[in-house]
Structures are given as structure tokens and as C-alpha cells.
Amino acid sequence: MNYKDIPIRRKLMGAIMFITSVVLLVMCGVYMLFEYSSYKNTLKSNVSALGAVIATNSTAALAFQSSADAAEILNALKANKNIVAACLYDADGRLFATYPASLAVKDFPATPQKDGYRFEGEYLIGFQPVFEKETVLGTLYIKSEMTVIYDQLTSFLLIALIMLSLLLLVAYVLSLQVQKIISQPILSLKSTATVVSEMNDYSVRAVKTSNDELGALTGAFNKMLDQIEVQNMEIKDAAAENSKLAAIVDSSNDAIIGMTLDGVISSWNDAATQLFKYQADEIIGQSIMTLVPAELQDEERRILSGLRKGEHISHFETRRLRKDGKLRDISLTISPVKDSHGNITGSSKIARDISEKKLEEQRKNDFIAMVSHELKTPLTSIRSYIQVLLAKAKTEDDSFKLSALTRADAQSKKMTTMINDFLNLTRLEEGKIHITKEVFELHPLIAEVAGDAQFLNASHNIKFEGCEGINIDADKDKIGQVLINLLSNAVKYSPNNGLITINCQVIDGRVKVSVKDHGIGIGKEDQKKLFDRFYRVENAKVKTVSGFGIGLYLVSEILRYHDSKMEVESKEGSGSTFSFSLPIK
Ligand code: ADP
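Residues numbered from 1 in each chain as written. Predicted model: local features only at pLDDT ≥ 70, side-chain atom pairs only at ≥ 80, totals over all residues. Heavy atoms only, no water.

Novice: Can you walk me through empty space enclosed by the protein in this structure?
Specialist: A water-sized probe rolled over the atoms picks out the places where empty space is left. Applying the stated rule across the entire model yields one cavity of 30 Å³ or more. In this structure, the largest cavity spans a volume of roughly 50 Å³. I257, F276, I288, L291, R320, I330, L332, K349 and A351 together form the lining of the largest cavity. Put simply, the parts of the chain that give the lining of the largest cavity at least two residues each are β9 (327-338) and β10 (344-353). Across the lining of the largest cavity, the residue classes break down as seven nonpolar, no polar and two charged. (1 Å grid on protein atoms, 1.4 Å probe; cavity = no way out; pocket = protein on both sides within 12 Å on 5 of 7 lines; lining within 4 Å. Points joined across faces, edges and corners; volume = space filled by probe spheres on them. Helix = DSSP H or I, 4+ residues; strand = E, 2+ residues; numbered from the N terminus. Nonpolar A, V, L, I, M, F, W, Y, C, P; charged D, E, K, R; others polar.)

Novice: Is there a simple way to explain the side chain of Q179 in this structure?
Specialist: As for its position among the elements, Q179 is in helix α4 (residues 147-199). Looking at Q179, the relative accessible area reads 2%, which means it is buried. Not counting residues up to four positions away in its chain, the partners in contact with Q179 are R9, L12, M13 and Q184. (Buried < 20%, exposed > 50% of the residue type's maximum accessible area, 1.4 Å probe, protein only. Contact = heavy atoms within 4.5 Å.)

Novice: What's the story with the sheet that holds strand β6 (residues 255-260) in this structure? I'm lost.
Specialist: In any sheet, the strands associate via hydrogen bonds between backbone groups, in a parallel or an antiparallel arrangement. Reading across the sheet, the five strands line up as β7-β6-β10-β9-β8 and stay open at both edges, with antiparallel pairing between neighbours. The strands lining the two open edges of the sheet, one partner per strand, are β7 (265-268) and β8 (315-321). The mean inter-strand angle of the sheet, taken between neighbouring strand axes irrespective of direction, is 35 degrees. As judged from the nine bridges shared by β9 and β10, these two strands associate in the antiparallel manner. If you follow I334 over to β10, its bridge partner there is K349. Packed onto the sheet, helix α9 (residues 355-396) meets β8, β9 and β10 and runs at close to 130 degrees relative to β9. (Pairing = 2+ DSSP bridges. Axes fitted to C-alpha atoms, helices over the stretch in contact; angles between N-to-C directions.)

Novice: What am I meant to see in the site of the ligand here?
Specialist: As a matter of local geometry, the ligand sits amid 20 residues, with N489, Y493, D517, R536 and L552 nearest to it. Measuring from an oxygen atom of the ligand, one finds a backbone N or O atom of G551 at 3.3 Å. Taken together, the elements giving at least two residues each to the shell around the ligand come down to α12 (476-492), α14 (551-561) and β17 (575-583). No other element matches α12, which puts three residues into the shell around the ligand. Of the residues belonging to the shell around the ligand, the class tally is 11 nonpolar, six polar and three charged. (Near = heavy atom within 4 Å. Polar contact = N/O pair within 3.5 Å; in protein donor to acceptor, adjacent residues only side chain to side chain.)

Novice: It is not clear to me how the sheet that holds strand β1 (residues 83-90) should be interpreted in this structure. Could you clarify?
Specialist: With antiparallel pairing, five strands are arranged side by side in an open sheet as β2-β1-β5-β4-β3. The open sheet has two edge strands, β2 (95-99) and β3 (116-120), and neither has a second partner. Strand-to-strand twist of the sheet, defined as the mean angle between neighbouring strand axes without regard to direction, takes the value 15 degrees. Bridging between β3 and strand β4 (residues 123-132) involves five bridges; their strand directions are antiparallel. For F119, the partnering residue across the bridge sits in β4 and is L124. With respect to the sheet, helix α3 (residues 67-75) is in contact with β1, β2 and β5 (135-145), its orientation differing from that of β2 by roughly 35 degrees.

Novice: Just to check I follow, could you spell out the packing of helix α10 (residues 399-429) against α12 for this structure?
Specialist: Two measures define how a pair of helices packs: the angle their axes make with one another and the distance between the axes. The geometry of α10 relative to α12 is characterised by a closest axis approach of 12 Å and an angle of 120 degrees between their N-to-C directions. As judged from the angle between their axes, α10 and α12 are oblique. The handedness of the crossing between α10 and α12 comes out as left-handed. Every residue of α12 that contacts α10 at T417, N420, D421 and N424 is listed here: Q481, I484 and N485. For the contact of α10 with α12, the class distribution of residues is one nonpolar, five polar and one charged. (Parallel < 35°, antiparallel > 145°, perpendicular 65-115°, else oblique. Left-handed = near helix turned anticlockwise from the far one by under 90°.)

Novice: Help me out: how do you make sense of a nonpolar patch on the surface in this one?
Specialist: Together, F18, I19, V22, V23, V26 and V30 give the surface a local cluster of nonpolar side chains, amounting to about 570 Å² of exposed area. Its place among the elements puts V30 in helix α1 (residues 8-57). Judged by relative accessible area, which is 53%, V30 ranks as exposed. (Patch = residues over 30% accessible without salt bridge, like charges linked within 9 Å, V, L, I, M, F, W, Y side chains within 5 Å. Areas by Shrake-Rupley, 256 points an atom, 1.4 Å probe, with all protein chains shown as cover. Salt bridge = Lys/Arg side-chain N within 4 Å of Asp/Glu carboxyl O.)

Structure (C-alpha cells):
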């Protein structure tokens, strides 16, 4: 088994035992070397002392040249078993006596060598000069075995081995305990991790037994489990929330379509299948353009690029293609889909089939158009009769007839305005409204409209200022219509009479025309919807005021056709100011 794969317990014990063995062996080795060298020194001094004694004893034998005496003296070396050979040389270096006598002459050095004791191979040899006073009588050669050293070393080794074994045994027993201190927390961590991974139980915790690095590791591991547990709960909650949302999406009556930023359909609910007749698996992954009629594809591309830039496109009405090629009118709500960092990653589209509603509206428009058209002809003839009668009453100077006919004329004018509004509305719906621009002076138009309004509403004080000498390039009739509608509203919604001012202001090459009244004013919420078709404010103050909620819609559409828009500033109870601007010619 690879060392790395050995369990931590055995790895730790192995490491402890290995280190202990190495330390003990090195210690024994060093000690043995030291002992060896000290044994050698002892042997050397013992043999040299013996040599000195023998050399002293040999002086007489050498002086009297008695080799028999010399041999006897050498024979005393028998007492020392380590001495394997010895001999005496005379003053001329000739071999004089040997020990043991049985040894051949060739086993001794032929002549004495350098004085002193030294180790040669397996032996200690020494040459000791023999003196008689100052005179050298000869030389003693002595050769000793080193068996004694090896014997001592062998017994030392034996003791060392026994000690080593005993010490290793003690080290083993101690390491058994010591490894537990380190391995226990790791094994506890491991068993906790096993429970977590195998049983998916994130509620277990490892036991912290110390405050060292392992304790810190256990603490960090437990903290990590805390976090995972919390995250798991959040994921579970989110999953539950997601499945709730998915159920809502599936049961929605509106088609809900998910789409990437590149316009690829990524989700599709049942209502989408009902509306567009595509099954989810055949449309998911396809481009959203599959549903967009050719003439609206540029608009869709603009929406997609707007979404990528973070533009907020919300609600509009448009047309979409069904699988069978039929066009449906739909209302579309587009919302950006963001990731957890707030980056837009796609969009969701909620589509509602409004074809039936559109058809209904069409029928209503047709009806209004027809009624308006039918009313217009008799009204025109009524107005011309009133004009004739008015002229006649003037010549007859009949003040009653004059006053009655003037009122009849005013009311018929109001009716004409109303009918014109309806006809304009239907034209607008059908895209039949045409703007015929001409350059004209603003002042006379305002004077005429304000004069008429003043004539019709003597109770109000209508003034205009700052409009002289300004020429604009616009559709005169339509701008007149805008002014009439704004003025008639200012009158209608100022029940306490009061002052109504038309003001012209030149700013940056444009004229800003505003109609200001001091009437009931409009609340903030209503201001947002004022220009919607058929929108009327609903409160006690306006309940009695007649109207259809199309005047401001027409005004804003006419201005849209002139690349301008209507603005309103108002506060409930303090009056309103409606203004628009047009470029000066
Ligand atoms: P309406 O025929 O109801 O007057 P408009 O489209 O002209 O329709 O106006 C929409 C609504 O705006 C009105 O119903 C009215 O509540 C409000 N409004 C319009 N002009 C004024 C104004 N000058 N002061 C107060 N409210 C106004």
C-alpha cells in the first residue's frame, strides 16, 4: 500500500517509531565509535606499559648477549593472551630472541622499524628501544591481537540491542497514546464528514477537543456545516417558492413566455400553447420572431436591443402570429429578468389575447362613427337655419328671438365640437387622421378660439397674452381643436368661474402655449392617466360635469402627430395648467 494511503493512526505511529529508531541507532552508533576508540587507546597504553617492562628486564640479557635469558624474559608474555608475537633485536638490528620460540623467523620483521606503537590491520604492533643508561642495547618488537576490543564491542552491541528493543517497546506504547491526541479529532472530523456525505445529514457536528489548529479546523468545519444547513434551508424554501411560482405560471390564463436576451424562447406555459397553438417542446429554443409578423419585426428588434441596454419596456398592445398563420391582437407586458447580481439575463413576456376586445372596440368605433356622421348632416343644416334666423332677428331687432337664437347657436356649436371629437377619434383609431401643415400666425387663431369660448361662457373671464407675431408650421384646424378642447375643459372644471389665461412663451426656438385655470385641479394619480382614451376622473366634484373622456386623448394624439406632447401641472383645489410647445417658423 502506498504510504500516502495508510490510515493516519498507523502513519503517525510509523513516524514516531521511525524517528525514535533513527535517533536511537545514531546515538548507539556514535557511542560505539567513541567506545571503540577508547578501547584502542586502553589497549595501546596497556601493551606499551608491558613493552616497557619487558624492555627493562631485557637489558642484562642483551648486555651479556644471552639469548637464552632473553627468550625466557620474552616467555613471560605468555601471561597476556593477547600478545601473539614478540622479539628482541640486538644493537645492530639482528634478531636476538623470539616469542613464541615455535614461530618461524620469517613471521617477524627482519629489522626493527620506527619506534612507537601503532595499529596495523587486525593488530597493534610496537617497537620499544632497550636502553642501558644512554646506550641503546637493542629493540623490542611486540605484536598484540585486538580480540579484547572486539569482545568488548560485541558485548556492548548486545547490550545496545537489548536497550534498543526495550526503548522501542516503550516508544511504541507511548506513541499509541500520543498519536491519539492528533488522530482522534481528525477521525472525529472524518466520521462527521462521512455521516454528512452519506446520509445528507447536515445537523451533525464534530466534537472539538482542543484549542490548537485541529480545534480551529473542527470549529471551521462545524461553522461550514452551519452555513450549508442555512443555505440548504434557503434552497429548499426557494425550491418551494419556485414550484409555487411554476404552479402559478402554469395555471395562469395569460400566456407567460420566458426569453433570453438574444430573443430565444426559454419557457412556455399552457396558456401560451392555447394562445399561439405551439406546444412547449416545439417552440422552446426557437426565436421569438416566429411569433412576430414581418411588419412588426423591426419593433421587436428595437425592444430586444432596449432590453439589453437595460431600458424598461412595459406594456403595449400589438399583434402576434399564431401557428396556423392567423394574426391575434394581444396586450403585451415585458419585464426584464435579473440574476442574483441584478444583471439582466432575459425577459418575461405576458401576453393576453385582446382580439375579442379589439373587435368590440371596432364595433363601438363604427357605431360612434356612424352616429356622428348621421348627426353631422342634420346639425349642419340646423346651424345654417339658426344663422339665417339670427340674421333675420337682428334686422327685426327682436331682442327675445336674438337671445334665444344666440343660445341655440352656442349649443349647436358645442354639439358640432363634440361630433367633431367623435369623428376625429374614429379617424385616429383607424389611422385615418391626416396632418396638413401650413405656416400660420398663432395669435389670430388663439384670439378666435378664446373669443368663441368667451362668447359661449360669459361667466368666465378668458384672457390671452404674449402670442403676437409668432408663426408656426402646423395643422391649423387640429391645433385649433387642441385649444378648443383645453379651453372648454378649463371652463368645465372651474365651477367658481374665475380667470382662464392663455399664455405664449418663446423658449429656444419654440413657443410654449399654456392654458391655465383656477378650477378644481387634478390629483397626482389621475394626472398619469388623463390622456388615456375614455379616461375620466371619478370624484364628487366632476360627477355632474358631462363628458366622454376623449378630449385630452385627442389633444395628446394631435400633438404626438406634431412631434410634441401635452404636459400638465396641477394641484387638487388650486387649478391646472395644460401646456404644449411647437417649433416657431
Ligand atoms: P372629458 O370629456 O371628461 O372632459 P377629457 O379627456 O377632456 O374628457 O378630460 C379627461 C378628464 O380630465 C376629465 O374627466 C376631467 O376630470 C379631467 N380634466 C381635464 N381638464 C381639466 C381641468 N382643466 N381641470 C380639472 N380637471 C380636468
